[in-house]
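Working through the structure, step by step
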Amino acid sequence: DPAPFERALDSSAVKDKIIDLQRRFDGKKVLLGIDRLDYVKGIPHKLKALEYFLGNYPAWRGKVVLVQIAVPSRTEVAGYQKLRANVHRLVSRINGTFGTLEYVPIHYLDQSMKFPELCALYYRADSMVVTSLRDGMNLVSFEYLACQTSKNAKGVLVLSEFAGAAQALGAGALLVNPYNVAEVARAIDESLNMPASEREERFEYLDKHIHGHTAQEWAEQYVGSLRHARQTSSYDAGPFSELSLAATLPVQQVVASYKACERSAGQRLLIFGLLGTLIDYESFASLQPPPQWVRRNLAALAASPHNTLVVLSGRERALLNEWLGDLPIWLVAENGLWIRPPPGWESGGGGGGGEPNY
């Protein structure tokens, strides 16, 4: 919900904090990172990207700082203690390499922030850098944008493509692969050099999204859907109005298209699900193989040079290979984890010959 952050920016406490930050970082670009000290948050990756950035973009030395807030997490666990020590070593190394008596590249804090200080940091930051290796929605991205609304020079969001927020904010953010430090460094440079017009254009999209997809909006839609489901047993109105039952297969039309393709020397891709299509549920539950007439029909279809046959299944590869492995068809087991081409098949890039692909 962006409203509390927008209201906080009008408070005297936050305004005082903003003025203090403006004085402290006067003449410098500020990168901001706010994360739990957790493996999935990619803090070491962010620090290594900054190290690469300062080493390969020397014009920014002395002109840009990273403010990294690492909120302590599971401090009693040995693995997290090791992560904390590793992060501290990286911070010391980078500050020791690129810092001077007047300049410290990384301002690192092992602590949580009070709400007024948090809002002030969000407002002051020129770029927010999120390098999560695996994450949920990552609300700090949304909070940062909420605090940039009233700012003249809008900030830029550098966002990991592995964060859930990338699905919603990717069109306006600079998406990066956090494992690629050079890519993150380029995105940081792009964010700091981005023209004001592009900043405005990107922020306009992001701002529209965070104000149109608030917690209140989600709750109203959810409650509305529940009320609709209670009031009617047929989804003839509301958000489900466009849903309909699956149509009956137009057999005559399918057969006509099948024959027309052969007359025109075209190619046909035929994909069959195993369960419910080639074998019924009762036989499947008792592990009975497909009947012989099914195998004969598959073999006959596969014999045509115009046809490519694929059988899909969520079951294990051994079972599918046992039942249908001798047929000249593609087999896809374990919901796509295992793929076997037809025996003797070869691709242009090598492989095939009946060997399984993983």
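One numbering rule holds for all chains: residues counted from 1, following each sequence as written. Totals for whole chains, interfaces and linings use all residues, but because this is a predicted model, local features are given only for residues with pLDDT of at least 70 and pairs of side-chain atoms are given and counted only at 80 or more. To get the side-chain values, take all heavy atoms of the structure and skip hydrogens and water.

Runs of H or I in DSSP of at least four residues are treated as helices and runs of E of at least two as strands, each being numbered from the N terminus. Within the protein one finds 14 helices and ten strands. For this measure, only C-alpha atoms enter the radius of gyration; the expected value for a globule follows 2.2 Å times N^0.38, where N is the number of residues. For the protein, whose C-alpha radius of gyration is 29 Å, the value lies well above the compact-globule estimate of 21 Å for 358 residues. By principal-axis analysis of the C-alpha atoms, the protein measures approximately 80 × 55 × 50 Å. In what follows, residue pairs with any heavy atoms lying within 4.5 Å of each other are defined as contacts. Pairs at least 24 residues apart make up 63% of the contacts formed inside the protein by residues separated by at least 6 positions. Charge centroids of the protein, computed over 37 positive and 38 negative side chains, lie 4 Å from each other. In this charge count, Lys and Arg are treated as positive and Asp and Glu as negative; neither His nor the chain ends contribute. Here the site of a charge means atom NZ of a Lys, CZ of an Arg, CG of an Asp or CD of a Glu.

A cluster of nonpolar residues, Trp218, Tyr222, Val223 and Leu226, forms a patch on the protein surface that exposes about 440 Å² of accessible area. Residue class for Tyr222 comes out partly exposed when judged on its relative accessible area of 45%. Two distance rules govern patches: like charges are joined within 9 Å, and nonpolar side chains (Val, Leu, Ile, Met, Phe, Trp, Tyr) within 5 Å, applied only to residues with over 30% relative accessible area and no salt bridge. Areas reported as accessible are Shrake-Rupley estimates using a 1.4 Å probe. Residue values count occlusion only from the protein chains shown. The term salt bridge refers to a pairing of a side-chain nitrogen on Lys or Arg with a carboxyl oxygen on Asp or Glu at a separation within 4 Å. Three labels apply to residues, based on accessible area from a 1.4 Å probe with only protein chains included: buried if under 20% of the type maximum, exposed if over 50%, partly exposed otherwise in between.

Where empty space is left can be seen by rolling a probe of water-molecule size over the atoms. Looking at the largest pocket, its volume works out to about 350 Å³. Cavities and pockets were defined on a 1 Å grid built from protein atoms only: a cavity is a group of points that admits a 1.4 Å probe but offers it no way out, a pocket is an open group of points flanked by protein on both sides within 12 Å along at least five of seven lines, and a lining residue is one with an atom within 4 Å of any such point. If you go around the largest pocket, you meet 17 residues; those closest to its centre are Asp1, Leu139, Phe142, His213 and Thr214. Of all the secondary-structure elements, those providing two or more residues to the lining of the largest pocket are helix H6 (139-146), helix H9 (196-212) and helix H10 (215-231). Asp, Glu, Lys and Arg are counted as charged, while Ala, Val, Leu, Ile, Met, Phe, Trp, Tyr, Cys and Pro are counted as nonpolar; the rest, among them Gly, fall into the polar class. Split into classes, the residues belonging to the lining of the largest pocket amount to ten nonpolar, four polar and three charged. Grid points are joined across faces, edges and corners, and a volume is the space filled by probe spheres set on the points.

For the rest of this paragraph, the subject is the side chain of Asp189. Summarising the element assignment, Asp189 is placed in helix H8 (residues 181-193). It is Arg186 that comes nearest to the buried, bridge-free Asp189 among opposite-charge side chains, at 8.6 Å. Apart from residues no more than four positions distant in its own chain, Asp189 is found in contact with Phe53, Tyr57 and Trp60.

Pairing in this open sheet of six strands is parallel, and the strands run E3-E2-E1-E4-E5-E6 from one edge to the other. Lying at the two open borders of the sheet, with one neighbouring strand each, are strand E3 (106-109) and strand E6 (174-176). Taken pair by pair, the neighbouring strands of this sheet meet at an average axis angle of 20 degrees, ignoring direction. DSSP bridges decide pairing: two strands pair if at least two such bridges lie between them. Sheet topology places strand E4 (residues 127-130) next to strand E5 (residues 156-160); four bridges connect them, and they run parallel. Considered in E5, the bridge of Ser127 is made with Val156. Contacting strand E1 (29-36), strand E2 (64-71) and E4, helix H5 (residues 115-124) crosses the sheet at an angle of about 135 degrees to E1. The axes are straight lines fitted to the C-alpha atoms, using for helices just the contacting stretch, and the angles between their N-to-C directions are given from 0 to 180°. Sheet contacts for H8: E1, E2, E4, E5 and E6; angle to E6, the most-contacted strand, approximately 170 degrees.

Right, let's talk about the packing of helix H3 (residues 43-56) against H8 for a bit. It is at 8 Å that the axes of H3 and H8 come closest, and there the two elements cross at 65 degrees. Taken together, the axis directions place H3 and H8 in an arrangement best described as roughly perpendicular. Relative to H8, H3 is oriented so that their crossing is right-handed. Between H3 and H8, the residues in contact are His45, Lys48, Ala49, Tyr52 and Phe53 and Val181, Ala182, Val184, Ala185, Ile188, Asp189 and Leu192, respectively. For the contact of H3 with H8, the residue count by class is nine nonpolar, one polar and two charged. Orientation labels follow simple angle bins: below 35 degrees gives roughly parallel, above 145 gives roughly antiparallel, 65 to 115 gives roughly perpendicular, and whatever is left gives oblique. Whether a crossing is left-handed or right-handed is set by the direction in which the near helix is turned from the far one by less than a right angle, anticlockwise for left-handed and clockwise for right-handed.

Turning our eyes to something else, we now look at the environment of Leu298. Structurally, Leu298 can be placed in helix H13 (residues 292-303). Taking relative accessible area as the criterion, Leu298 reaches 3% and is therefore assigned buried. Every residue in contact with Leu298, bar those within four places of it in the chain, is listed here: Phe272, Leu278, Leu309, Leu324 and Leu327.

As a further point, take helix H4 (residues 78-98). Helix span, expected: 1.5 Å multiplied by one less than the number of residues in the helix. The end-to-end C-alpha distance of H4, which contains 21 residues, comes to 31 Å, matching closely the 30 Å that a straight helix rising 1.5 Å per residue would cover. Along H4, the residues classified as buried are Tyr80, Leu83, Val87, Leu90, Val91, Ile94, Asn95 and Phe98. For H4, the buried positions fall inside an angular range of 120 degrees around the axis, keeping them on one side. In this structure, H4 carries Ala78, Lys82, Arg89, Ser92 and Gly96 as exposed residues pointing more than 90 degrees from its buried face. Against the buried residues of H4 lie H3 and E3. Each direction from the helix axis to a C-beta atom contributes to the arc, which is the arc of those directions.

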